[in-house]
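Now for the letters of each chain:
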Amino acid sequence: MRKLFAFVFSVLILSLSVYPVLAEGKIAVSARAAVLMEASSGDIVFSKDADTRMPMASTTKIMTALVALEKGDLQQSVQIAEEAVGVEGSSVYLTAGETLTLEELLYALLLESANDAAAAVACAVSGSIEAFSAAMNEKAAEIGLENTHFTNPHGLDDEEHYTTASDLAKLAVYAMQNPDFARICSTYKKTIPMRDGEGTRLLLNHNRLLKQYADVVGVKTGFTKRSGRCLVSAAEKDGVRLVAVTLNAPDDWQDHRAMLDYGFSQYSNVSLAESGEYTWEIACTGAPDGKLTVTNTDSLSFVCRGEPEITHIVEVPHFLFPPVQAGETIGTVRFFNHGTEIGSLPLTAAESVEIPADERGFFEKLFDRA
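Bear in mind that the values here come from a model prediction, so they are computed numbers and not experimental data. (Residues numbered from 1 in each chain as written. Predicted model: local features only at pLDDT ≥ 70, side-chain atom pairs only at ≥ 80, totals over all residues. Heavy atoms only, no water.)

Visitor: Could you give me a rundown of the packing of aromatic side chains, with the residues and numbers involved?
Guide: Summed over the entire model, instances satisfying the criterion amount to three aromatic pairs. Of the aromatic side chains, those joined through ring pairs into one cluster are Tyr278, Trp280 and Phe335. The positively charged end of Lys190 is found above the aromatic ring belonging to Tyr107, 4.8 Å away from the centroid. (Phe/Tyr/Trp six-rings, centres within 6.5 Å; stacked < 30°, edge-to-face > 60°. Lys NZ or Arg CZ within 6 Å of the ring centre and 35° of its normal.)

As structure tokens, then:
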């Protein structure tokens, strides 16, 4: 019995060391480093060694695609350079001199995680691997990734090629705001030409969560022996978007399911105002019936953690003098959650009011009558 108890106790201790429990005991992860971020605010829902510098493998290609999209043209024709042929690791077997569009290469990059496509993109956009890597680092600095450095566009191992779970989450949130990036990384299956139309290449997204978790909309897998399994996922449900990152995670698929489930249990999307919901009448000389209508034309929502306690303040003048132009901002409605301001909307004039044609003063009009 003592031996059995000792065995069970040792297994329990081992499991706790491999799968540390998240805050509040809600979930556990196998990852060496992990983070869960709410996208609209950048709030960290959960983190584990999130600022530890680690290899990132092919999650590198999030930045590769982003730089290519911002510096290149999706429809530009790319002739495959010698440097892009035969690159180690995942490949779509590009041949020197064949021609593809930048968009087709980005599909190969983000779905099949093709290292040769990464090299081809780099050479097409910046002229060389080195120049493109410099552009990647410039973008990292612009976004505020303080613990990230790139030496290549594909993620093959290099001591000076590193990131953190926190930086990867920030990068994914930023990249997913690009509609072309979001469209490509959420695609599960795509065909692109082979050798200038001699056949087709079938591309299948390595991200299983696109099929296994209904709300997942991206982003990228990665693996090398040095980095272990790496995964960045984004999921959206009822107006709430979450980004999860794991680095060196033996059970990454389950880690992400658990993290995303936990995140969605914590957040809700609260409607603060529908278009036209806030309407006031303000005294205005020259307006019909002496009153000008102001209203909000935009809607507004807020992603809230926990139970919301929404209040608002309306700021409008008591009186207006013409001229007033339709659409002109007249006031503001400000929204608060538990006393903290969370957003605002302009209140604009519903119609124009011109200065009255007869601008004479009271006494001038009185003497005219006399």
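Back to the text.
Visitor: Which residues make up the pairing of strand E2 (residues 44-48), and what values do they have?
Guide: Two strands pair when backbone bridges link them, and strand E1 (residues 33-38) and E2 are joined in this way by four bridges, in the antiparallel orientation. Bridge pairing links Met37 to Ile44 in E2. From the end of E1 to the start of E2, which pair antiparallel, there are five residues, and Gly42 there has a positive phi angle of about 80°. (Pairing = 2+ DSSP bridges. Helix = DSSP H or I, 4+ residues; strand = E, 2+ residues; numbered from the N terminus.)

Visitor: Tell me what's going on with helix H3 (residues 102-111), and back it up with residues and numbers.
Guide: The buried fraction of H3 amounts to 10 of the 10 residues, a majority that puts the element mostly inside the structure. Within the sequence span of H3, burial applies to Leu102, Glu103, Glu104, Leu105, Leu106, Tyr107, Ala108, Leu109, Leu110 and Leu111. Once H3 finishes, Ser113 follows within two positions and takes phi at roughly 55°, a positive value. (Buried < 20%, exposed > 50% of the residue type's maximum accessible area, 1.4 Å probe, protein only.)

Visitor: Please set out a nonpolar patch on the surface residue by residue, giving values where relevant.
Guide: Taken together, the side chains of Tyr188, Leu202 and Leu204 make up a nonpolar region of the molecular surface, amounting to roughly 250 Å² of accessible area. With respect to the element layout, Tyr188 can be found in the loop between helix H7 (179-185) and strand E5 (189-194). (Patch = residues over 30% accessible without salt bridge, like charges linked within 9 Å, V, L, I, M, F, W, Y side chains within 5 Å. Areas by Shrake-Rupley, 256 points an atom, 1.4 Å probe, with all protein chains shown as cover. Salt bridge = Lys/Arg side-chain N within 4 Å of Asp/Glu carboxyl O.)

Visitor: Residue-level account of the environment of Glu104, with values.
Guide: Position of Glu104 among the secondary structure elements: in helix H3. In sequence terms Glu104 and Leu74 are 30 residues apart; their C-alpha atoms lie 8.2 Å from each other. Among residues more than four places away in sequence, those in contact with Glu104 are Ile192 and Pro193. (Contact = heavy atoms within 4.5 Å.)

Visitor: Can you lay out the sheet that holds strand E11 (residues 279-284) for me, pointing to particular residues and giving the numbers?
Guide: The mixed open sheet is built from six strands, whose spatial order is E14-E16-E17-E12-E11-E15. With one partner strand each, in any of the chains shown, strand E14 (310-315) and strand E15 (319-320) form the two edges of the open sheet.

Shape is all these values report; function is a separate question.
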